[in-house]
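# Observations on the model geometry
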Amino acid sequence: MTVHQQPASPPEERLPEERHDRPRLPEDRGRMLRRRWLTAVIIVLLVGIPAGYLVISAGQSRESGLDKERESSVAGLQDNWPSLMKRRVFEVPVPSGASGVAYYETSNWKTSRLYVQFTTTATGLDAFLAESGTGRSALTPGRITVSDRDADIVGWTFPDGLSWSGTTVDREDPRPSTDITVDLTDPAFPRVFAVSTTSP
């Protein structure tokens, strides 16, 4: 005898249970304080870090400006070479191997001046004059081109009894003009005094 099995009925599909929104419980005080504290910290970080960066940058910029101001306010000549940038801007090509190099810079809204002194060789003097746009033939014996005012600022003196010669190199604006006075008492080691003036 054959037994016929009836196919099993598919399992009943369960309808999803209805979700009931639970009423939100009031936030406890501790959690609320932590949330507010975290929000405050985030705001401080977002606002404070950029502000702090700006303050630091402004301070560094101010210090840089003060350093330049201190350098320009040093009384008298500094026993050092002027920077390459200063030499280029003021067109004072101190020759390689020069000794006794000293400089001083003044600057205001109207004019800037670079005072430079050094001792060089006869060849060094020729090179300096050529790079300045002039030559030894332009030096006038007995002529001191550095003004009394400029000499007083850096304490230069040009006493009688020495072989002074001088010239002024005039250049078209905005390039500087340069007063050059040379002590040729010892022709092998001339001493150069130069004042370069530019109007920004």
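Above this text sits the structure in question.
Worth saying up front: this structure is predicted, and the values here are computed from it rather than measured. (Residues numbered from 1 in each chain as written. Predicted model: local features only at pLDDT ≥ 70, side-chain atom pairs only at ≥ 80, totals over all residues. Heavy atoms only, no water.)

## Describing the packing of aromatic side chains
In the structure shown here, the tally under the stated rule is eight aromatic pairs. Taking the centre distance of 6.0 Å and the plane angle of 40° together, the rings of Y104 and Y115 count as tilted. Highlighted residues: Y104 in strand β1 (residues 99–107) and Y115 in strand β2 (residues 112–119), separated in sequence by eleven residues. Per residue, the accessibility class of Y104 equals that of Y115, and both read buried. Taken together, the aromatic side chains of Y104, Y115, W156, F158, W164 and F193 make up a single cluster linked through ring pairs. (Phe/Tyr/Trp six-rings, centres within 6.5 Å; stacked < 30°, edge-to-face > 60°. Helix = DSSP H or I, 4+ residues; strand = E, 2+ residues; numbered from the N terminus. Buried < 20%, exposed > 50% of the residue type's maximum accessible area, 1.4 Å probe, protein only.)

## Section: the pattern of salt bridges
Charged atoms that come close allow side chains of opposite charge to pair. Taken as a whole and assessed by the stated rule, the structure comprises six salt bridges. Put simply, E105 and K86 hold a salt bridge, and the shortest N to O gap is 2.5 Å. Of this pair, E105 sits in strand β1 while K86 sits in helix α2 (residues 84–90); the two residues are 19 residues apart in sequence, bridging distant segments of the chain. Per residue, the accessibility class of E105 equals that of K86, and both read buried. For the salt bridge of R113 with D150, the shortest nitrogen-to-oxygen distance reads 3.7 Å. (Salt bridge = Lys/Arg side-chain N within 4 Å of Asp/Glu carboxyl O.)

## Remarks on the side chain of D183
Relative to the helices and strands, D183 resides in strand β5 (residues 177–183). Buried within the structure, D183 lacks any salt-bridge partner; its nearest side chain of opposite charge belongs to R191, at an N-O separation of 7.1 Å. Within the structure, the side chain of D183 is placed 2.5 Å from the side chain of T185, a separation counted as a polar contact. Excluding anything up to four places from it in sequence, D183 contacts L162, S163, W164, P190 and R191. (Lys, Arg positive; Asp, Glu negative; His and termini not counted. Polar contact = N/O pair within 3.5 Å; in protein donor to acceptor, adjacent residues only side chain to side chain. Contact = heavy atoms within 4.5 Å.)

## A word on the sheet that holds strand β4 (residues 164–169)
One key point about sheets: their strands pair by backbone hydrogen bonds, in either a parallel or an antiparallel sense. Spatially, the six strands line up as an open sheet ordered β1-β2-β6-β5-β4-β3, and their pairing is antiparallel. Only two strands of the sheet have a single neighbouring strand rather than two, namely β1 and β3 (140–141). Where β5 and strand β6 (residues 191–198) come together, seven bridges link them in antiparallel fashion. When the sheet's bridge partners are listed, T181 is paired in β6 with F193. (Pairing = 2+ DSSP bridges.)

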